[in-house]
Amino acid sequence: MVWLVEGKAKFIVGSAFYRQASQVARDLAILSAAIYRSDIGSLRVLDAMTGCGVRPLRYWLESQADWVWANEANLEISSILQQNLGEAVGAGRCQVTYLDANRIFFDCYTRQDYYDLVDVDCFGSPNPYLSTSLWGTKIGGLLYLTSTDGRTATGHLPENSLRVYGAYARSHPAAHEQALRLLIGTVQQQAAMQGLGVEPVFSLFAGQTYRVMLRVLASQSLTAKNYGFLGYCHHCGNYQTVSWRQLGRVSCPNDQKALVISGPLWLGSLHEPQQLTRMISLAQEWHWLKRVQLLTIMAAEADFPPYFYTLGEIGRRGKMDIPKRSHLIGALQAMGYRASPTHINAQAIKTDADINTCIAVAPHCLR
Ligand SMILES: C[S@@+](CC[C@H](N)C(=O)[O-])C[C@H]1O[C@@H](n2cnc3c(N)ncnc32)[C@H](O)[C@@H]1O
Ligand SMILES: [Zn+2]
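Residues numbered from 1 in each chain as written. Chains lettered and ligands numbered in written order. Predicted model: local features only at pLDDT ≥ 70, side-chain atom pairs only at ≥ 80, totals over all residues.

J.: I'd love a proper account of the site of ligand 1, names of residues and values included.
T.: Surveying the vicinity of ligand 1 reveals 20 residues, the closest of which are Met49, Gly51, Ala73, Ala101 and Asp121. Looking at the shell around ligand 1 residue by residue, the classes come out as ten nonpolar, five polar and five charged. (Near = placed C-beta within 6 Å. Nonpolar A, V, L, I, M, F, W, Y, C, P; charged D, E, K, R; others polar.)

J.: Go over helix α9 (residues 175–193) with me, naming the residues and quoting the values.
T.: With 19 residues, α9 extends 27 Å from end C-alpha to end C-alpha; this agrees with the ideal 27 Å at 1.5 Å per step. The buried fraction of α9 amounts to 15 of the 19 residues, a majority that puts the element mostly inside the structure. Gly195 occupies a position one or two residues after α9 and carries a positive phi of about 80°. (Helix = DSSP H or I, 4+ residues; strand = E, 2+ residues; numbered from the N terminus. Expected span 1.5 Å × (residues − 1). Buried ≥ 20, exposed ≤ 12 C-beta atoms within 10 Å, placed from the backbone.)

J.: Tell me about the sheet that holds strand β5 (residues 94–97), and name the residues and values.
T.: Taken together, the seven strands give an open sheet; going across it, the order is β5-β4-β3-β6-β7-β9-β8, and neighbouring strands pair in mixed fashion. Each edge of the open sheet is held by one strand with a lone partner, namely β5 and β8 (197–206). Between one strand axis and the next, the sheet turns by 15° as a mean value, whatever way the strands run. Alignment of β8 against strand β9 (residues 209–217), held across nine bridges, turns out to be antiparallel. Following the sheet pairing, Leu204 is matched in β9 by Arg211. Helix α3 (residues 78–90) rests against β4 (67–71) and β5 of the sheet, and its axis sits at about 150° to β5. Lying on the sheet, α9 is in contact with β7 (137–147), β8 and β9; it crosses β8 at an angle near 155°. (Pairing = 2+ DSSP bridges. Axes fitted to C-alpha atoms, helices over the stretch in contact; angles between N-to-C directions. Contact = placed C-beta atoms within 7 Å.)

J.: I'd love a proper account of the sheet that holds strand β13 (residues 309–310), names of residues and values included.
T.: Strand-to-strand pairing in sheets goes through backbone hydrogen bonds, with the strands running parallel or antiparallel. Sheet architecture is open: three strands sit in the order β13-β15-β14, paired in antiparallel fashion. Single-partner strands in this sheet number two, and they are β13 and β14 (339–342). The sheet contact formed by β14 and strand β15 (residues 345–351) spans four bridges and is antiparallel. The residue bridging Ser340 from the neighbouring strand is Lys350, located in β15.

J.: A description of unusual backbone geometry should follow, citing residues and the corresponding values.
T.: Following Gly263, the chain continues to Pro264 via a peptide bond in cis, the omega torsion being 5°. Along the chain, the position of Pro264 falls in strand β12 (residues 260–266). Even without being glycine, Gln112 reaches a positive phi, approximately 50°. The phi angle at Lys319 is positive, at roughly 50°, despite the residue not being glycine. Residue classification places Lys319 among the exposed residues on the basis of 8 C-beta atoms within 10 Å.

J.: Got a sec to walk through the pairing of β9? Specific residues and values, please.
T.: Most of β9 sits inside the fold, with seven of its nine residues counted as buried. Hairpin connection from β8 to β9: two residues lie between these consecutive antiparallel strands, with Gly207 at a positive phi of about 55°.

J.: Before we move on, could you go through the domain arrangement of the chain and cite the residues and values that matter?
T.: Domain annotation of the chain identifies domain 1 (4–220 + 266–273) and domain 2 (308–367). Relative to domain 2, the C-alpha centre of domain 1 lies at a distance of 34 Å. Facing five residues of domain 1, the contacting portion of domain 2 comprises five residues. Partitioned by chemical class, the residues of the side of domain 1 that touches domain 2 number three nonpolar, one polar and one charged. (Domains from an automatic or database assignment.)

J.: Give me the lowdown on the packing of helix α2 (residues 54–61) against α3, citing residues and values where you can.
T.: Direction vectors running N to C along α2 and α3 enclose 30°, while the axes themselves pass 10 Å from each other. Classified by the angle between their axes, α2 and α3 sit roughly parallel to one another. As for how α2 packs across α3, the hand of that crossing is left-handed. When α2 is examined against α3, the residues Pro56, Leu57 and Trp60 are found in contact with a partner set consisting of Asn84, Leu85 and Ala88. Of the residues that constitute the contact of α2 with α3, the class distribution is five nonpolar, one polar and no charged. (Parallel < 35°, antiparallel > 145°, perpendicular 65-115°, else oblique. Left-handed = near helix turned anticlockwise from the far one by under 90°.)

Here you go:
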């Protein structure tokens with residue numbers, strides 16, 4: 001039997017699901033949960049799709065969760081979960097069930113037993129669980145969602161995106177950020193229908209997978225300002241946000257060409273900067289240096305416009321070599337613009353400058 005170790009968890013995988021590459025998503029969730037636990041004084045986690053059970057173990061051992069409910073639809077891996085979670089169950093800190101996740105969310109609602117953190121790590125698109133997972137989450141609690149359905153949200157299957165997100169997704173260079181924003185926007189809209197709101201604590205794109213940690217709010221937080229459209233000009237490469245009222249009369253300010261429009265989607269911040277600062281401190285304390293680096297970039301990009309420009313696109317459109325990212329950011333900042341790397345694409349920048357400005361400064365920023 002092969003035992004794996006991740007964080008403080010020791011577990012077997014066997015025929016259960018486990019991807020080592022997703023550790024970054026688990027690490028950030030563990031940090032958020034630990035901060036929540038220290039703020040509120042208690043933490044009850046519902047891990048609705050637990051796979052081999054690595055998350056419940058880590059929430060218990062590292063985030064100091066008082067109680068973890070591990071659920072998994074696949075009864076065939078029960079012996080693996082018994083082995084992995086036996087100690088937590090024996091310590092009175094965990095229960096394991098084998099049910100469909102949606103039954104559990106409604107069970108929580110019926111019994112008015114809401115969870116501080118609900119983790120929904122599904123395959124594909126999370127839309128069957130977007131509204132239902134809210135039923136099991138405490139007001140003020142956290143909801144952690146995953147999507148692996150990149151093709152739909154990055155504009156390769158716009159009709160499918162209409163079915164999944166109620167939004168039309170088009171393809172463009174910043175489409176991975178769009179996928180995060182479609183996910184947040186859809187939950188925001190579903191929450192609003194229940195009289196609730198959500199705000200992103202952090203949004204993560206890693207390993208072709210999209211994750212959002214959302215805080216559930218007691219009142220609706222969807223507005224026409226934070227839930228709207230993204231416009232991209234294929235002719236010059238410029239982006240702009242488009243409000244509901246501008247629909248039908250918007251064109252690119254550089255060349256008056258028609259924009260390709262995606263949305264509606266979330267236009268607000270991708271992350272909550274204060275929470276990221278606290279996650280960085282905790283990651284430093286735990287010597288998680290790679291996570292400190294990642295979170296530092298995430299904190300810097302938090303409140304930029306909802307798109308980025310890739311260095312390749314700037315080079316191609318300016319008919320020059322690809323500029324060096326740090327030089328381009330420095331040059332834009334020296335001109336008074338805001339500019340930052342983005343965790344979503346190591347070969348891109350976020351800025352409030354337009355594409356023509358980026359192209360104009362890029363020749364001075366070559367390697
Ligand atoms: C991506 S894996 C979970 C991996 C795990 N969270 C981790 O970090 O390693 C998804 C798991 O959800 C289970 N699953 C799929 N649909 C489900 C449903 N509707 N309810 C409960 N579990 C489900 C699958 O059997 C699979 O084990
Ligand atoms: Zn244009």
